[in-house]
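Structural description and commentary
This is what each chain is made of:
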Amino acid sequence: MNASLTTKFIEIQGVEQTFRTAKGLFPALQGIHLTIAKGEFVALIGHSGCGKSTLLNLIAGLTTPTNGALLCANKEIKGPGPERAVVFQNHSLLPWLTCFDNVYLAVERVFGARESKAQLKDRTDAALALVGLTPAGQKRPGEISGGMKQRVGIARALSMEPQVLLMDEPFGALDALTRAKLQDELLEIVARTQSTVVMVTHDVDEAVLLSDKIVMMTNGPAATIGEVLRVELPRPRSRVELAEDARYVNYRKAVIDFLYTRQGHVEKAA
Amino acid sequence: MVSAVFHSPLEPTPATPPNAIKNIATGAVSTVEGAEKASKPASTPASVARDGSALSRAFWQNVLPPVLGLGLLVGLWALVSASTGRSIPTPYETWVQALEVFSDPFYRNGPNDQGVGWNVLASLQRVAVGFGLAALVGIPAGFAIGRFTFLSRMFNPLISLLRPVSPLAWLPIGLLVFKGANPAAIWTIFICSIWPMIINTATGVQRVPQDYMNVARVLNLSEWKIATKILFPAVLPYMLTGVRLAVGTAWLVIVAAEMLTGGVGIGFWVWDEWNNLNVKNIIIAIFVIGIVGLVLEYALIKLATAFTFEEVKS
């Protein structure tokens, strides 16, 4: 694992993002340097409005940076692509397709040229089974709960066998119990698939429990990376055992200290 | 315009809620029974009384108001009829006449004397052809205008200029170009139904949630997949609203157009009966036009709700 952590997979070099708004130019991100290794789980944490999602969209290729460069597997990120799958905050399932068809749309796009219809169906079934939703396959998103929708979103992303999984506050809209359950499932899936994950979150426990590396961002405007915390807890991790682990408590304290003492959220007039 | 009488197709539906209420009421009573066991005979009259009160409440809330509304209409009509010295026929006379008219709606005594059924069908056919052509042109045009800002800027001034023009103003142009009454009437329907379809389709395309387009970009979907799997289903509810408005306007306009062009059709029938001074038939025609419009509107609303899905909340 240590050997693989030294290899650069995603490289972010001096990225700067400025938005044009009605009030003039708004510098959202400045001087972002970050490398992410293959198989690493990285959490982006910070107060709301600090540009976490902006950074994730840049990695996804949904937006292009004003300055600087982003590389994935030594190639410049020029636009979105199925090798960098995104799990959206609001699940973004197409409401007129069944859960199966929502996942199938992604599977067909990535593997349709090479594989038979039966193989594509198997892949879709496998992805739904991975998140435990086989029985809900023929239901429409409007007929299932919020947690299930988010799981379909994860299944859709995983079904593409992406090199990187990008998650934008995937569990933010869920209740605490569902969130904990999905976090455990995600830990298991990531352990099985060895995915590289970048996750935006504002939940300290979620960040410490899931990540190998916590990237803490300063408050905007012109937000940048304030500190990077390496979480060296052994895997597999269990939330019950970790709750009393001294290292876990220390990591948690470090993040809270950064967020609330050094970057205490100020309601800005801007 | 049709919405004023829209409540009437809903009348038959309230038959279910009272039943549901009744079931809940008896269910509640039976659990109480199970707990106490002794009060079995006493509970039956209570549930009957509750059934009765639920039924009468349903009657007061759902059946009575529309009946009263219709009664008011008929009452005012009788009053007007009496005060104008019967130059407007009474509701009863009209009813008798209507029974006669509808006893043989599909007779044919030459081109100018045909049953009311043929007249309605002729009007519906014109609306269908004119409206169908408008849909064929208007919906693709709406997609193009909604998708490309350039086209939207190019056509919006034209649409704003032409849309407020009464469709009947286009009738002479139609007569001139097509040299016939029937195509001219269809042309008028075409013109009046194309605007709501273009405008609503274009609005729908512009309002496709950015989330869906982001999904398309991340999956790198082809233009064809974007059109069939995302754009079309997302726009469908807007499009159907356009269709509904268009059909409503078309049905309004056809009556006026046929008054001017003649031939067979419900509008022509009204005008013909005016020339015959047969006011009873004119009133019957007004009801027929209203009811057909109501049915068209109701069918399209049902169609629209079947294709409307829950949106992603952002």
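Residues numbered from 1 in each chain as written. Chains lettered and ligands numbered in written order. Predicted model: local features only at pLDDT ≥ 70, side-chain atom pairs only at ≥ 80, totals over all residues.

Topic: the overall build of chain B
Quick note on the threshold: Runs of H or I in DSSP of at least four residues are treated as helices and runs of E of at least two as strands, each being numbered from the N terminus. Partly exposed residues are those whose C-beta has more than 12 but fewer than 20 other C-beta atoms within 10 Å; 20 or more makes a residue buried and 12 or fewer makes it exposed, with C-beta atoms placed from the backbone.
Secondary structure summary: chain B contains eleven helices and zero strands in total. Taken from the N to the C terminus, the helices and strands of chain B come in the order α-α-α-α-α-α-α-α-α-α-α. Counting only residues that meet the buried cut, chain B has 29% of its 314 residues in that class.

Quick notes on the overall build of chain A
Heads up, the rule is: Using C-alpha atoms as the atom set, the radius of gyration is obtained and then compared with a globule rule of 2.2 Å times the number of residues to the power 0.38. Here, residue contact means that the backbone-derived C-beta atoms of the two residues sit within 7 Å.
In terms of helices and strands, chain A carries nine helices and ten strands. Against the 2.2 N^0.38 benchmark of 18 Å for 270 residues, chain A shows a C-alpha radius of gyration of 19 Å, consistent with a compact globule. Structurally, chain A occupies a C-alpha span of about 55 × 45 × 40 Å along its principal axes. The burial tally for chain A puts 42% of its 270 residues in the buried class. Long-range contacts, defined as pairs at least 24 residues apart, comprise 71% of the intrachain contacts of chain A with a sequence gap of at least 6.

Here we look at the sheet that holds strand 1 (residues 10-21) of chain A
For sheets, the rule is that strands pair by backbone hydrogen bonds, running either parallel or antiparallel. Residues and elements named next belong to chain A. Threshold: Two strands make a pair as long as DSSP finds a minimum of two bridges between them.
Sheet architecture is open: four strands sit in the order 2-1-4-5, paired in antiparallel fashion. With partners counted over all chains shown, the strands left at the sheet margins are strand 2 (24-36) and strand 5 (75-76), one partner each. Of the strand pairs in this sheet, strand 1 and strand 4 (residues 67-72) are connected by five bridges, and their pairing is antiparallel. The residue of strand 4 that forms the bridge with Q13 is A69.

Some thoughts on the interface of chain A and chain B
Contact residues are listed per partner, giving 17 residues for chain A and 18 residues for chain B. Put simply, the parts of the chain that give the side of chain A that touches chain B at least two residues each are strand 6 (84-87) and helix 3 (99-111) of chain A. Counting residues per element, the side of chain A that touches chain B draws most heavily on helix 3 of chain A, at three residues.

Some words on the sheet that holds strand 7 (residues 164-168) of chain A
All names here are of chain A. Stated formally: The axes are straight lines fitted to the C-alpha atoms, using for helices just the contacting stretch, and the angles between their N-to-C directions are given from 0 to 180°.
One open sheet holds the six strands; their spatial order is 6-7-8-3-9-10, and the pairing between them is mixed. For this open sheet the edge positions go to strand 6 and strand 10 (225-230), each flanked by a neighbour on one side alone. Between one strand and the next, the sheet's axes are offset by a mean angle of 15°, whatever the strand orientation. The strands touched by helix 9 (residues 246-262) are strand 3 (41-45), strand 9 (213-217) and strand 10; relative to strand 10, the strand with the most contacts, the crossing angle is about 175°.

A look at the packing of helix 6 (residues 171-178) of chain B against helix 7 (residues 181-206) of chain B
All names here are of chain B. How we decide: By definition in this entry, angles of less than 35 degrees are roughly parallel, angles greater than 145 are roughly antiparallel, angles of 65 to 115 are roughly perpendicular, and the rest are oblique. Crossing handedness is read from the near helix: turned anticlockwise from the far helix by less than a right angle, it gives a left-handed crossing, and turned clockwise, a right-handed one. Polarity classes work like this: nonpolar for Ala, Val, Leu, Ile, Met, Phe, Trp, Tyr, Cys and Pro, charged for Asp, Glu, Lys and Arg, and polar for all others, with Gly in that last group.
Here helix 6 crosses helix 7 at 135°, and the two axes come no closer than 8 Å. Relative to helix 7, the element helix 6 lies oblique. Along this stretch, helix 6 crosses helix 7, giving a crossing that reads as right-handed. Where helix 6 abuts helix 7, its residues L171, G174, L175 and F178 lie against P183, A184, W187 and T188. Residue classes in the contact of helix 6 with helix 7 are distributed as six nonpolar, two polar and no charged.

Description of the environment of P105(B)
All names here are of chain B. Looking at where P105 falls in the secondary structure, it is placed in the loop between helix 3 (91-103) and helix 4 (116-147). Judged by the 15 C-beta atoms lying within 10 Å of it, P105 falls in the partly exposed class. Remark: the alpha-carbon pair of P105 and V116, spanning eleven residues in sequence, is separated by 5.1 Å. Those residues in contact with P105 that sit more than four places away from it in its chain are G115, V116 and G117.

Notes on the environment of V198(A)
The topology assignment puts V198(A) in strand 8 (residues 196-201). Spatially, the C-alpha atom of V198(A) lies 11 Å from that of P170(A), the residues being 28 residues apart in sequence.

Description of helix 9 (residues 223-261) of chain B
Residues and elements named next belong to chain B. The criterion, for reference: Expected helix span is given by 1.5 Å per residue-to-residue step, counting one fewer step than there are residues. Axes are fitted to the seven residues ending at a residue and to the seven starting at it; the angle between these axes is taken as the bend at that residue.
Across its 39 residues, helix 9 extends only 46 Å between first and last C-alpha, which sits more than 12% below the 57 Å expected from 1.5 Å per residue. For helix 9, the principal kink sits at L236 and spans about 45°; a proline, P237, occurs within the next four residues. Backbone geometry just after helix 9 places G262 at a positive phi near 75°.

Notes on the confidence of the model for chain B
Residues and elements named next belong to chain B. Note the cut-off: Confidence of the prediction at every residue is given by pLDDT, a number between 0 and 100.
Averaged over all residues, the pLDDT of chain B equals 81, while 82% of them reach at least 70. When the criterion is pLDDT under 50, residues 1-42 qualifies, and its contacts beyond four places in sequence or with other chains add up to 34 contacts. As a predicted assembly, this complex carries a pTM of 0.70 together with an ipTM value of 0.81.

With respect to the environment of I145(B)
Residue and element names in this part refer to chain B. Here I145 shows up in helix 4. Each C-alpha atom, one on I145 and one on L55, is 53 Å from the other, the two residues being 90 residues apart in sequence. Sequence-distant contacts of I145, that is, excluding residues within four places in its chain, are made with L151, S152, F155, I198 and A202.

Comments concerning the confidence of the model for chain A
Per-residue confidence for chain A averages 87 on the pLDDT scale, and 96% of its residues sit at or above 70. Throughout residues 1-5 of chain A the model reports pLDDT below 50, and contacts reaching past four residues in sequence, or to other chains, amount to five contacts.

Observations concerning the packing of helix 4 of chain B against helix 10 (residues 266-275) of chain B
Residues and elements named next belong to chain B. Remark: helix 4 packs on helix 10, axes separated minimally by 7 Å, with the N-to-C direction vectors making an angle of 135°. With respect to helix 10, the element helix 4 is oriented oblique. For the pair helix 4 and helix 10, the contacting residues are V116, N119, V120 and S123 in the first and I266, G267 and W269 in the second.

Overview of helix 5 (residues 146-159) of chain A
All names here are of chain A. The end-to-end C-alpha separation of helix 5 is 20 Å, in line with the 20 Å expected for 14 residues at 1.5 Å each. Here helix 5 lies mainly inside the structure; twelve of its 14 residues are buried. Residues of helix 5 that are buried: M148, K149, Q150, R151, V152, G153, I154, A155, R156, A157, L158 and S159. Where helix 5 is buried, its residues contact strand 6, helix 3, helix 4 (117-130), strand 7 and helix 6 (176-193). Immediately beyond the C-terminal end of helix 5, within one or two residues, lies E161, with a positive phi of roughly 45°.

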